[in-house]
Amino acid sequence: MLEISEVMCYNTEVKILAIESSCDETAAAIISGDPSSKNGKAELLSNVVVSQIDIFKSYGGVIPEVAARSHLEAILPVVHQAFSEAGLTKKGQDDWSQIDAIAVTHTPGLLGSLLIGTLTARTLAILHDKPLYAVHHLKSHIYANWLAVNEDEKQPQFPLLSLVVSGGHTQIIRMDEHNHFEIIGTTMDDAVGECYDKIAKILGLPYPGGPSIARAAKNGDPDKYKLPIPQIKDLDFSFSGLKTAVLRAVQKELGVPISFPSHELAGKLTEQQKADFAASFQKTATKILLNKLEKALEMYPDTKSIVIAGGVSANEDLRKTALAKFGNKTEVFFPALKFAGDNAAMVGAAAFYEIASGVSPTDPYKLNIMPRSEII
Ligand SMILES: Nc1ncnc2c1ncn2[C@@H]1O[C@H](COP(=O)(O)OP(=O)(O)OP(=O)(O)O)[C@@H](O)[C@H]1O
Ligand SMILES: [Mg+2]
């Protein structure tokens, strides 16, 4: 087994195999870079994502047990493909001599899904004698913004504020330097991505809800329905009220009582009504998020960059409005669209900056998984 002291003084290029399986994407990636310079960049050698969206489309949401079983089937072929796409196979075999470390998402996520990724990573770490880095999923979403698509792309500057908007989280996180996170705002109830998904269901739009709402909203009037902005203290958020507000507005529009079954509402709505509800909701969700970000910027005037992260960061309305609102004063970063949702390249990037910051690897025999963990 590698000694920890040996592991912590990389002063040359390292190749990291990263694994992600926290929800319904089975992913592996290999990144390479020199972490001895803290501001060094990592290069992506391969990035393989197998999504379970097709399985869950017909259910309208993720079934945790089914997700775990799908991860189990996909994980080893996905890891092999990551080696192959990185050019790291020898006579069809994965060349483990080229890999210096393994990184894996260990929290937060679905228990069964996390279990498959972490068991795979632990086993591979023990089998091939590699240091193992257990990475927090939100850290990875934030570090998706360091995955440059072009050579000369700028990187975010510290101190920064990150707005993390995903299926399970809505947070504002302050970073003074690499691998240093302070959560300064969080949702009191639902996440914004969950709200997108639930409202899409009410409107009868296909899973996953975020992209469906964004598509429908293109033909809708964002000012047609007035929806409330929750008055939550400080930098915290709430999205459960917005979800109910849309439900009530749909019921009112259709002239049905609140006891009317919600799964029968969509069949009564015209395409135009769906588009108008989608556009009105999207505009309100963006406004809630960016109002809080504006408040955070007022509280932290030394902020040099804004980093938007997580699946909802793919949203075009959020991107355009954030750039228009903040872009002339502060640099605004979004991940490339392919890195906005769950993927392993971002896990590799997060591990790269953990190594650069001197974080010790985890004992693969003792690695714990946690469905939820606020400690990032
Ligand atoms: N274009 C879009 N507009 C709005 N929301 C979107 C868009 N694309 C994806 N989403 C939303 O992003 C969410 C998925 O993001 P992500 O994969 O980061 O979440 P997760 O991994 O399930 O949760 P977490 O990262 O909090 O553990 C879903 O709620 C999805 O509807
Ligand atoms: Mg995620």
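Preceding block: the structure.
Residues numbered from 1 in each chain as written. Chains lettered and ligands numbered in written order. Predicted model: local features only at pLDDT ≥ 70, side-chain atom pairs only at ≥ 80, totals over all residues. Heavy atoms only, no water.

**Student:** Please give an account of the overall build of the protein that cites residues and values.
**Tutor:** Along its length, the protein carries eleven helices and twelve strands. Taking 376 residues into account, the globule formula puts the C-alpha radius of gyration at 21 Å, and the protein, at 21 Å, falls close to it. Dimensions of the protein, computed from the C-alpha atoms along their principal axes, are close to 70 × 45 × 35 Å. Look at the contacts in the protein between residues 6 or more apart in sequence, and 73% of them connect residues 24 or more apart. For the protein, the accessible area works out to roughly 16,600 Å², and carbon and sulfur atoms hold 53% of it. (Helix = DSSP H or I, 4+ residues; strand = E, 2+ residues; numbered from the N terminus. Rg over C-alpha atoms; globule rule 2.2 N^0.38 Å. Contact = heavy atoms within 4.5 Å. Areas by Shrake-Rupley, 256 points an atom, 1.4 Å probe, with all protein chains shown as cover.)

**Student:** For the sheet that holds strand β12 (residues 331-333), give the residues involved together with the corresponding values.
**Tutor:** Spatial strand order, β10-β9-β8-β11-β12: five strands in an open sheet with mixed pairing. Either end of the sheet is taken by a strand with one partner, and the two such strands are β10 (182-186) and β12. Across this sheet, the average inter-strand angle for adjacent strands is 20°, counted without regard to direction. Where strand β11 (residues 305-309) meets β12, three bridges bridge the pair, whose relative direction is parallel. Paired with isoleucine 306 across the bridge in β12 is valine 332. (Pairing = 2+ DSSP bridges. Axes fitted to C-alpha atoms, helices over the stretch in contact; angles between N-to-C directions.)

**Student:** Before we move on, can you summarise the side chain of histidine 141 with the specific residues and values?
**Tutor:** The residue histidine 141 is located in helix α5 (residues 137-143) in this model. Beyond its immediate stretch of four places on either side in the chain, histidine 141 contacts Ala309, Gly310, Gly311, Ala340, Gly341, Asp342 and Met346.

In short, the description is geometric, and any link to function would need to be established separately.
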